[in-house]
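Next come the chains, spelled out residue by residue.
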Amino acid sequence: AQSVTQLGSHVSVSEGALVLLRCNYSSSVPPYLFWYVQYPNQGLQLLLKYTTGATLVKGINGFEAEFKKSETSFHLTKPSAHMSDAAEYFCAVSDPVAGGNEKLTFGTGTRLTIIP
Amino acid sequence: NAGVTQTPKFQVLKTGQSMTLQCAQDMNHEYMSWYRQDPGMGLRLIHYSVGAGITDQGEVPNGYNVSRSTTEDFPLRLLSAAPSQTSVYFCASSPYSGGAVETQYFGPGTRLLVL
């Protein structure tokens, strides 16, 4: 069974500061990994995904994440926070053996607040 | 394209009432799914479908029924609503290519309150 742990349900950073949102996973096989963002009263939007190949993945809005197999982590970063980054962020994992991006297992989410 | 649409946006039910949450997509996606989102628990998969006529259970299927008679529509039925089903429900769709990783597109959600 897979699981995802997001450390910190709430993270606050100053505008212009580094954003770091943590995600650790548990999986019996190398998983597919995803970060989604949810703006208030909206559905989820894919930020980036890791399947195979290069472990540093770049996504939309300046975000990137690095897959570290030895640490079972997939932390999300952005060098300089912008007010528009305020949202809730979800890390998710899927089992490549069971299917591609279907049947996602989500973490509990991290709410990012940007301080002006 | 309208993408993934969900109706209603908000609904209040009394315990024991039934209702259907509607989900439609106009992207000709084979894969569709329903999730519920609860505070502190992230999203959990309720049911999913890999094509018309094919459905399967996810992590939390109890109390919910689904059917997939067309590619476009994937309604979620609550036969006898319970307060524990108070949640925000999201529908999602993606192409299905049996292992390739496609982007899932989420609808805007339906907020359900069961009294």
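Scroll up a little and you will see the structure.
Thresholds, definitions, all that
Residues numbered from 1 in each chain as written. Chains lettered and ligands numbered in written order. Predicted model: local features only at pLDDT ≥ 70, side-chain atom pairs only at ≥ 80, totals over all residues. Heavy atoms only, no water. Patch = residues over 30% accessible without salt bridge, like charges linked within 9 Å, V, L, I, M, F, W, Y side chains within 5 Å. Areas by Shrake-Rupley, 256 points an atom, 1.4 Å probe, with all protein chains shown as cover. Salt bridge = Lys/Arg side-chain N within 4 Å of Asp/Glu carboxyl O. Helix = DSSP H or I, 4+ residues; strand = E, 2+ residues; numbered from the N terminus. Pairing = 2+ DSSP bridges. Axes fitted to C-alpha atoms, helices over the stretch in contact; angles between N-to-C directions. Buried < 20%, exposed > 50% of the residue type's maximum accessible area, 1.4 Å probe, protein only. Disulfide = S-S within 2.5 Å. Contact = heavy atoms within 4.5 Å. Buried area = accessible area lost by both parts, 1.4 Å probe. Polar contact = N/O pair within 3.5 Å; in protein donor to acceptor, adjacent residues only side chain to side chain. Nonpolar A, V, L, I, M, F, W, Y, C, P; charged D, E, K, R; others polar.

> Explain a nonpolar patch on the surface here, please?
A surface patch of nonpolar side chains, about 360 Å² in accessible area, is lined by B:Phe10, B:Val12, B:Leu113 and B:Leu115. Considering the arrangement of structural elements, one finds B:Leu115 in the segment after β11 (110-114).

> For this particular structure, what's the right way to read the sheet that holds strand β1 (residues 4-7) of chain B?
Strand-to-strand pairing in sheets goes through backbone hydrogen bonds, with the strands running parallel or antiparallel. Residues and elements named next belong to chain B. The antiparallel open sheet is built from four strands, whose spatial order is β1-β3-β8-β7. Because the sheet does not close on itself, it has two edges, and the strands there are β1 and β7 (64-66). Sheet twist, expressed as the average angle between the axes of neighbouring strands with direction ignored, equals 20°. Taken together, the three bridges between β7 and strand β8 (residues 76-78) define a ladder with antiparallel strand orientation. Residue pairing in the sheet places valine 66 in a bridge with leucine 76 of β8.

> I'm lost on the pairing of strand β3 (residues 19-25) of chain B in this one. Help?
The side chains of a regular strand alternate between both faces of the sheet. All names here are of chain B. Here β3 shows one buried face, formed by Met19, Leu21, Cys23 and Gln25, and one open face, formed by Thr20, Gln22 and Ala24. With four bridges connecting them, β1 and β3 associate as antiparallel partners. Directly across from threonine 5, in β3, lies its bridge partner alanine 24. Relative to β8, β3 is paired through three bridges, and the arrangement is antiparallel. By the bridge assignment, methionine 19 is partnered in β8 with leucine 78.

> For this particular structure, what's the right way to read the state of the cysteines?
Defined simply, a disulfide is a covalent bond joining two cysteines at their sulfur atoms. For the structure on display, the rule yields two disulfides over all chains. A sulfur-sulfur separation of 1.9 Å characterises the disulfide bridge that pairs A:Cys23 with A:Cys91. Here A:Cys23 and A:Cys91 share a disulfide; its torsion about the S-S bond, -65°, makes the bridge left-handed. On the criterion of sequence distance, the pair formed by A:Cys23 in the loop between β3 (19-21) and β4 (24-26) and A:Cys91 in strand β10 (residues 87-94) is long-range, its members being 68 residues apart. For A:Cys23, a relative accessible area of 0% translates into the label buried. Paired by a disulfide, B:Cys23 and B:Cys91 hold their sulfur atoms 1.8 Å apart. Handedness of the B:Cys23-B:Cys91 disulfide follows from its S-S torsion of about -70°: it is left-handed. Here B:Cys91 lies in strand β9 (residues 87-94) and B:Cys23 lies in strand β3, a separation of 68 residues in the sequence.

> Would you mind showing me how to read the interface of chain A and chain B here?
Often the size quoted for an interface is simply the accessible area lost on bringing the parts together. In this complex, chain A contributes 21 residues to the contact, which on the side of chain B involves 23 residues. The contact between chain A and chain B buries some 1700 Å² in all, and 55% of this surface belongs to carbon and sulfur atoms. Counting the contacts that link chain A with chain B gives zero salt bridges. Where chain A touches chain B, the interface holds two residue pairs in polar contact (both at pLDDT 80 or more). Those elements giving two or more residues to the side of chain A that touches chain B turn out to be β5 (32-38) and β6 (44-50) of chain A. Considering each element in turn, the side of chain A that touches chain B owes the most residues, four residues, to β5(A). Across the side of chain A that touches chain B, the residue classes break down as eight nonpolar, ten polar and three charged.

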